Structure formats: structure tokens, C-alpha cells
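Descriptive structure summary
As a plain string of letters, each chain reads:
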Amino acid sequence: MSPALMKMWVSLAAMGFMFISIITIYLSRYKLKGVLRFVSALFAYGLMILSGIIIFLVVVSGPTGE
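Now for a quick tour of the structure. (Residues numbered from 1 in each chain as written. Predicted model: local features only at pLDDT ≥ 70, side-chain atom pairs only at ≥ 80, totals over all residues. Heavy atoms only, no water.)

Quick word on helix α2 (residues 35-60)
Here is the rule we go by: Helix and strand assignments come from DSSP, with helices taken as H or I runs of at least 4 residues and strands as E runs of at least 2, each series counted from the N terminus. Expected span, for any helix, means 1.5 Å times one less than how many residues it has. A simple rule labels every residue: compare its accessible area, found with a 1.4 Å probe on the protein chains alone, to the largest value its type can have, and call it buried under 20%, exposed over 50%, or partly exposed in between. Whether two residues touch is decided by their heavy atoms; if any such pair falls within 4.5 Å, the residues are in contact.
Compared with an ideal rise of 1.5 Å per residue, which puts 26 residues at 38 Å, α2 spans 38 Å between its outermost C-alpha atoms and is within 8% of the ideal. When we look at burial in α2, the residues that qualify are Ser40, Ala41, Ala44, Leu47, Ser51, Ile54 and Val58. Its buried side turned inward, α2 meets α1 (3-30). Trailing α2 by a residue or two, glycine 62 shows a phi angle of about 75°, which is positive.

Put into C-alpha cells, the structure is as follows:
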């Protein structure tokens, strides 16, 4: 697998993490109560931070030259 294709899959996974975190934040704010609300929000914000770091690293690493 070429480096460009690998970067594409990594960034696609990061976008999937963002989508999952948006759904989980919605659930934690409007549908859940108590400890489950806190745990789901913590998980969602963790995924959002992780996806932001991944996208940042993909963008900063620049073009692959292919």
C-alpha cells in the first residue's frame, strides 16, 4: 500500500472518529442521565481530540511525493 493511500485511510478513520463523537455528544447532552452521561461525554471529547491530532499530523506531514 502506498504512503498516499495509507494517509487517506488514516484521515478517513479520523473523520469517522469525529462522526462518532458528534453522535455521542448529542446522546450525552439530550438523552442520557447520571454517570452514563459523564462517561459518554468523556469518551466523545477524547475521540474528538484524538481525531484532531490525527488530522493535524496528516496535514503537517505534507505531500507524499507520489
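Regarding a nonpolar patch on the surface
Put simply, the rule is: Two distance rules govern patches: like charges are joined within 9 Å, and nonpolar side chains (Val, Leu, Ile, Met, Phe, Trp, Tyr) within 5 Å, applied only to residues with over 30% relative accessible area and no salt bridge. Only the protein chains shown count as cover for residues, and the accessible areas themselves come from Shrake-Rupley with a 1.4 Å probe. Basic side-chain nitrogens of Lys or Arg form a salt bridge, by our definition, when they fall within 4 Å of a carboxyl oxygen of Asp or Glu.
A cluster of nonpolar side chains, namely Phe19, Ile20, Ile22, Ile23, Tyr26, Leu27, Tyr30, Phe43 and Met48, defines an oily patch on the protein surface of about 930 Å² accessible area. At the level of elements, α1 and α2 are the ones that each hand at least two residues to the nonpolar patch. Looking at which element gives the most residues to the nonpolar patch, the answer is α1, with seven residues. Tracing the backbone through its elements, the reader meets tyrosine 26 in helix α1. Tyrosine 26 sits in the partly exposed class, given a relative accessible area of 45%.

Side note on the environment of threonine 24
Counting through the fold element by element, threonine 24 comes out in helix α1. Exposure remark for threonine 24: the relative accessible area of 14% places this residue in the buried category. Remark: the alpha-carbon pair of threonine 24 and serine 11, spanning 13 residues in sequence, is separated by 20 Å. Residues within four places of threonine 24 in sequence aside, it is in contact with Ser40, Phe43 and Ala44.

Some points on the environment of glycine 46
Topologically, glycine 46 is positioned in helix α2. For glycine 46, a relative accessible area of 36% translates into the label partly exposed. On a C-alpha basis, the gap between glycine 46 and phenylalanine 17 in space is 9.7 Å, while along the polypeptide they are 29 residues apart.

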